[in-house]
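Listed here are the chains, written in short residue letters.
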Amino acid sequence: MTIPEKLLQQLATAQRVTVLTGAGVSAESGVPTFRDAQTGLWEKYKPEELATPTAFRRNPRLVWEWYAWRRKLVADAKPNPAHFALVELESMFPNFQLVTQNVDGFHHQAGSRRIVELHGNINRTKCFDEGTVIASWNDTGDIPPKCPKCGGLLRPDVVWFEEPLPEAEIEQATTASSECDVFLCVGTSALVYPAAALPYAALRSGATVVEINPQETPFTAQAHFALAGKAGVVLPEIVKALKR
Ligand code: OAD
């Protein structure tokens, strides 16, 4: 894909760049997205049966095991060229902020530094009752394991439906989206709020907004540039063109 010259010019003079990523960025690592017709996770499981506090209260074992399965998917996969291109992009701008909805930790693993994880991280565990992050516990065979501090149940440290996003993270993401020159919206269906509001915040504040996604989304028509391609192809091409 040829990257539009006008976009490259705007990137060449940009000081502040914010990038929002979604499951599409990890698709090429082999981690299923949520809503893609063939492989999407939510096709196989109903989110309200698995990714809510109500579901966890009802059937903690099922929810823990579903996340254990997803953790293994992530552990068996690795960052792809999209993640590595974002590491390079970060080094090209004085002010760069990556905001991700992904819980797989691949941006960290690839080497990105300025990251806001809006939906938590699947490799972190916390106490369901007290919310304390727990680094290790005794394996007593209980599923889910028990909190070593209070004896309550442990759960993944991710944001579930019905739960608010972490305040500091959403504030930092909103500020970075409202104060950037260029905003890239990559591999997200732009359906789940409040993350889906971020590209609109960027638009309102006058940023150039770019979408990278092989499929149309509810946001596509609003983007200044809609690059219909895979993140693992388009992002490295942008980096290459900027280096010319
Ligand atoms: P979705 O599954 O909703 O959307 C993934 C998007 O990635 C789709 O628009 C695809 O077209 C696009 N896509 C697929 N392959 C791609 C590729 N190789 N390159 C670029 N784009 C590609 O996932 P999210 O938008 O991340 O929330 O979903 C947002 C949130 O909804 C998730 O964080 C999760 C989910 O419910 C919670 O669990 C709270």
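Here is a short report on the structure shown in this document. (Residues numbered from 1 in each chain as written. Predicted model: local features only at pLDDT ≥ 70, side-chain atom pairs only at ≥ 80, totals over all residues. Heavy atoms only, no water.)

### Quick notes on the site of the ligand
Here's step 1: Around the ligand lies a shell of 23 residues, among which Phe34, Arg35, Thr188, Ser189 and Asn213 are the nearest.
Here's step 2: In this structure, Ala23 approaches the ligand through a main-chain N or O atom, which is 2.7 Å from an oxygen atom.
Here's step 3: Note that an oxygen atom of the ligand is positioned 3.3 Å from one of the backbone N or O atoms of Gln101.
Here's step 4: Bound to the protein, the ligand loses 94% of the 800 Å² it would expose on its own.
Here's step 5: Class assignment of the residues belonging to the shell around the ligand gives a composition of nine nonpolar, ten polar and four charged. (Near = heavy atom within 4 Å. Polar contact = N/O pair within 3.5 Å; in protein donor to acceptor, adjacent residues only side chain to side chain. Areas by Shrake-Rupley, 256 points an atom, 1.4 Å probe, with all protein chains shown as cover. Nonpolar A, V, L, I, M, F, W, Y, C, P; charged D, E, K, R; others polar.)

### Thoughts on the nonpolar core
Here's step 1: Counting 29 residues, the largest nonpolar core has Leu227 and Leu235 as its most contacted members.
Here's step 2: If you list the elements that add at least two residues to this core, you get helix 1 (5–13), strand 1 (16–21), helix 7 (81–90), strand 2 (95–100), strand 6 (182–186), strand 7 (208–212), strand 8 (225–227) and helix 11 (231–243).
Here's step 3: In terms of residues, this core owes the most to one element, helix 11, which gives six residues.
Here's step 4: Aside from chain neighbours lying at most four places away, what touches Leu235 is Ala82, Ala85, Leu86, Leu89, Leu184, Val186 and Ile212. (Core = buried A, V, L, I, M, F, W, Y, C linked by side-chain atoms within 4.5 Å. Buried < 20%, exposed > 50% of the residue type's maximum accessible area, 1.4 Å probe, protein only. Helix = DSSP H or I, 4+ residues; strand = E, 2+ residues; numbered from the N terminus. Contact = heavy atoms within 4.5 Å.)

### Quick look at the side chain of Ser26
Here's step 1: Looking at the secondary structure, you find Ser26 in helix 2 (residues 24–27).
Here's step 2: A relative accessible area of 2% places Ser26 in the buried class.
Here's step 3: Other than its neighbours up to four places away in sequence, Ser26 contacts Val31, Asn80, His83, Asn102, Asp104 and Phe106.

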